[in-house]
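These are the residues of each chain, in order.
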Amino acid sequence: GVCVQKVGEAEALAIGSNGAVNDIYISNQIIAPSKLARVVSLHQALCAGSTEGRGVSIAVDSVEGIRALVAAISEAPVRPRLPIPVLIEIEVGQKRCGVQPEQVVVLAQEIRRLQKGPESAGGNKEEGQPPLISFRGIQAYQGWAQHVRSFDERREIIDRVTAVARKTI
């Protein structure tokens, strides 16, 4: 698979590769309804007729982001055959995005609560309906570490990030 930041990058890779790139992770949080509709459409196209391992996965760092994704899938003309895998981004020192490690459980519970759609939150789970989303794991990104020139300093930064991720799981 590949990792991208934007929906347009995911679309360009999928279309430009004639299907060779078919496992795409969008590591940014997407909340705009129009962009989420594109994510759902791309996921549908990539996983059509296939089993696990194809499609789009996406990062979230809020309950609102999870709800917006579920709404986009629920409103799609055709629901994807496979759930969209969701990774929860944890804040590891960059202070830009991500949740505090102790909030991961809350978001994971929200993913589970809404996995069959907004109606499932009220106990109206349709039997046999495939899940819309699934919890894939966590993401811990410390982007500015790549600009630290000293190997030892970079190692120290990455060790701190790794410690936060290990504590979280």
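Just so we're clear, the structure is a prediction, and the values are computed from it rather than from any experiment. (Residues numbered from 1 in each chain as written. Predicted model: local features only at pLDDT ≥ 70, side-chain atom pairs only at ≥ 80, totals over all residues. Heavy atoms only, no water.)

## Description of the environment of glutamate 75
- Note on placement: glutamate 75 falls in helix H3 (residues 63-75).
- Once the C-alpha coordinates of glutamate 75 and alanine 37 are considered, the two residues, 38 residues apart in sequence, prove to be 8.4 Å apart. (Helix = DSSP H or I, 4+ residues; strand = E, 2+ residues; numbered from the N terminus.)

## Side note on helix H5 (residues 151-168)
- Between its first and last C-alpha atoms H5 spans 26 Å; for 18 residues at 1.5 Å apiece the expected length is 26 Å, and the two agree.
- For H5, the complete set of buried residues consists of Ile157, Val161, Ala165 and Thr168. All buried residues of H5 fall inside an arc of 75° around its axis, so they share one side. With respect to the buried face of H5, the exposed residues turned more than 90 degrees away are Phe151, Asp152, Arg166 and Lys167.
- Those residues of H5 hidden inside the fold are in contact with strand S4 (84-90), helix H4 (104-114) and strand S5 (133-140). (Expected span 1.5 Å × (residues − 1). Buried < 20%, exposed > 50% of the residue type's maximum accessible area, 1.4 Å probe, protein only. Arc of directions from axis to C-beta. Contact = heavy atoms within 4.5 Å.)

## Here's the deal with the sheet that holds strand S2 (residues 23-29)
- The strand order across the open sheet built from five strands is S1-S2-S3-S4-S5, with neighbouring strands paired in parallel fashion. Looking along the sheet, the strands with just one partner apiece sit at the ends: strand S1 (2-4) and S5. Taken over all neighbouring pairs, the strand axes of this sheet differ in orientation by 25° on average, direction set aside.
- Pairing between strand S3 (residues 55-60) and S4: three bridges, direction parallel. Bridge assignment links alanine 59 to a residue of S4, and that residue is leucine 87. (Pairing = 2+ DSSP bridges. Axes fitted to C-alpha atoms, helices over the stretch in contact; angles between N-to-C directions.)

## So, the side chain of serine 62
- Mapped onto the elements, serine 62 comes out in the loop between S3 and H3.
- Residue classification places serine 62 among the buried positions, given a relative accessible area of 18%.

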